[in-house]
Structures are given as C-alpha cells and as structure tokens.
Amino acid sequence: MRRSMLFLPGNNPNMLINGNCLGADAVIVSGDLTDWGLKSSLKYMADVWNEVFPGDRGANDEKVARLFVTGNHDLDGWFYGDMTLDMHTQGYSEDEALSKLGIEKCWEEIFGERYEKIRLINVKGYDFVCAHWNNSDDKVIAKWFEDNGSRLKKGKPFFFTRHCPIHGTELCAVVEQMYSYEQIFAHTGDMKWLELLE
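Residues numbered from 1 in each chain as written. Predicted model: local features only at pLDDT ≥ 70, side-chain atom pairs only at ≥ 80, totals over all residues. Heavy atoms only, no water.

**Student:** So what exactly am I meant to see when it comes to the packing of helix H2 (residues 39–52) against helix H6 (residues 103–111) here?
**Tutor:** To describe two helices that pack against each other, one gives the angle between their axes and the distance between the axes. Here H2 crosses H6 at 30°, and the two axes come no closer than 10 Å. For the element pair H2 / H6, the angle class is roughly parallel. Considering the relative orientation of H2 and H6, their crossing is right-handed. Contact residues: H2 offers Lys39, Leu42, Lys43 and Ala46, while H6 offers Cys106, Trp107, Glu109, Ile110 and Phe111. For the contact of H2 with H6, a count of residues per class yields six nonpolar, no polar and three charged. (Axes fitted to C-alpha atoms, helices over the stretch in contact; angles between N-to-C directions. Helix = DSSP H or I, 4+ residues; strand = E, 2+ residues; numbered from the N terminus. Parallel < 35°, antiparallel > 145°, perpendicular 65-115°, else oblique. Left-handed = near helix turned anticlockwise from the far one by under 90°. Contact = heavy atoms within 4.5 Å. Nonpolar A, V, L, I, M, F, W, Y, C, P; charged D, E, K, R; others polar.)

This is the structure in structure tokens:
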C-alpha cells in the first residue's frame, strides 16, 4: 500500500494538508477530533477535511479514505475542569455537546455517513477496523471480532484503531483474538493511555 496512512492529531486538523501533499490513500484520526466535544468543533473538522480533500479526493484526484474515530474529548471534553472554563471564555457552551445532542445524529449530519460503533473499512485491499470511544469496551470489541473476524482478508495484515490502546487483564480475550490473525497493526490516538500498558 503506497503511503497508506499519515497519523495526525485530531485537535490540529489543519495538519490534514500534509496528508494531501504526501498522496495518502487513507488518513486516520483516532480520537479527539475535538477538544470540547461540541458539534461546531466536529463541523470544523469536517469543513477542513472537505477543503483539503474535496469529494474525498486528494491532489492526485484519487480517493482518500477518511478513517475517523471518536475519543474521550469528543464525548466528555466539555466538562474537563480548566477546559470547561476555556470553552466558556471563548464563548462556547455545553448546550452543543455531542453527548447531549446525540453523537450518532450529529455524525451522520456532519459527515454524511452512518455512525457505526465499530466499522470495517477496506482501503485498496487492506482492512481497517475502527472503534469509536463510546464503544471501546473490551468485551464489546472481543465480541465484534468473534462475530466479524471471518470478514477480514486472509493472508494480509489488518489495521485496528481506537483512541485508547489494548491494555490490562480484562483485554486478554481481545488480545488473544486479535493475535490469532496473521498480522495486525494497532494504532492508538492518545499517548496518555500508554501508561495503562505497564
């Protein structure tokens, strides 16, 4: 896969421009698409994407897959202490919080695609399993792999992304299930969760 991905921080969507310059086939933003979890912030992210990749196409006019998943800030960011103060100081309100308005409805309205808690996307013959924050429960993910693992392309690596990494004893079932596949590339979006791996 030619330049299959470029990993970008979701809270700096202007970095998407780099994905277009490098001719990416797919761009992963694995959570924290917003700081405060507000509908206007998610709309801003979508607007930047549409400006950089109009019609989901790159500078070379080839399709670029948008592999976005939510993180904790996208659902809870509006009540994180100092961040709440900052949000109010800048004139925003928790009245437009995605968690209050309904993330599914907002996602579909803004991105024009159905919100799936865990989704399987194929990009140029490679499978990407993307899990949103509000469905990062280990048992739910293990069940998804149990039910859908046979849909993954055999003999090829696949990519798994969610905001927090696989960690702790409760995730043993998921890890065992995932490593039963030939190759997996797991990607996380928030470095602070890595301490849970110790």
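Still more to cover.
**Student:** I'm lost on the side chain of threonine 84 in this one. Help?
**Tutor:** Tracing the backbone through its elements, the reader meets threonine 84 in helix H4 (residues 82–89). For threonine 84, a relative accessible area of 15% translates into the label buried. Within polar-contact distance, the side chain of threonine 84 engages the backbone oxygen of tryptophan 78 at 2.7 Å. Here tyrosine 80 takes part through its backbone nitrogen, which lies 3.2 Å from a polar atom of the side chain of threonine 84. Filtering out sequence-adjacent residues up to four positions away, threonine 84 remains in contact with Trp78 and Phe79. (Buried < 20%, exposed > 50% of the residue type's maximum accessible area, 1.4 Å probe, protein only. Polar contact = N/O pair within 3.5 Å; in protein donor to acceptor, adjacent residues only side chain to side chain.)

**Student:** Would you explain the nonpolar core in this entry?
**Tutor:** Soluble globular proteins tend to pack their nonpolar side chains together in the buried interior. Formed by 24 residues in total, the largest nonpolar core has its most connected members in Leu16, Val27 and Phe68. Looking at this core, the elements with two or more residues in it are strand S1 (26–30), H2 and H6. Per-element accounting of this core gives the leading share, six residues, to H2. One finds Ala26, Ala65, Leu67 and Val69 within the second-largest nonpolar core, a separate group that totals 11 residues. (Core = buried A, V, L, I, M, F, W, Y, C linked by side-chain atoms within 4.5 Å.)

**Student:** Just checking my understanding: could you explain the environment of glutamate 113 for this structure?
**Tutor:** Within the element layout of this structure, glutamate 113 appears in the loop between H6 and strand S3 (118–123). When its relative accessible area of 22% is taken as the criterion, glutamate 113 is described as partly exposed. For glutamate 113, the contacting residues outside a window of four places in its chain are Arg66, Trp107, Glu108 and Arg119. Here the side chain of glutamate 113 touches arginine 66 through a polar contact of 3.4 Å, side chain to side chain. Within the structure, the side chain of glutamate 113 is placed 3.3 Å from the side chain of arginine 119, a separation counted as a polar contact.

Keep in mind that these numbers describe shape and distance, not what the molecule does.
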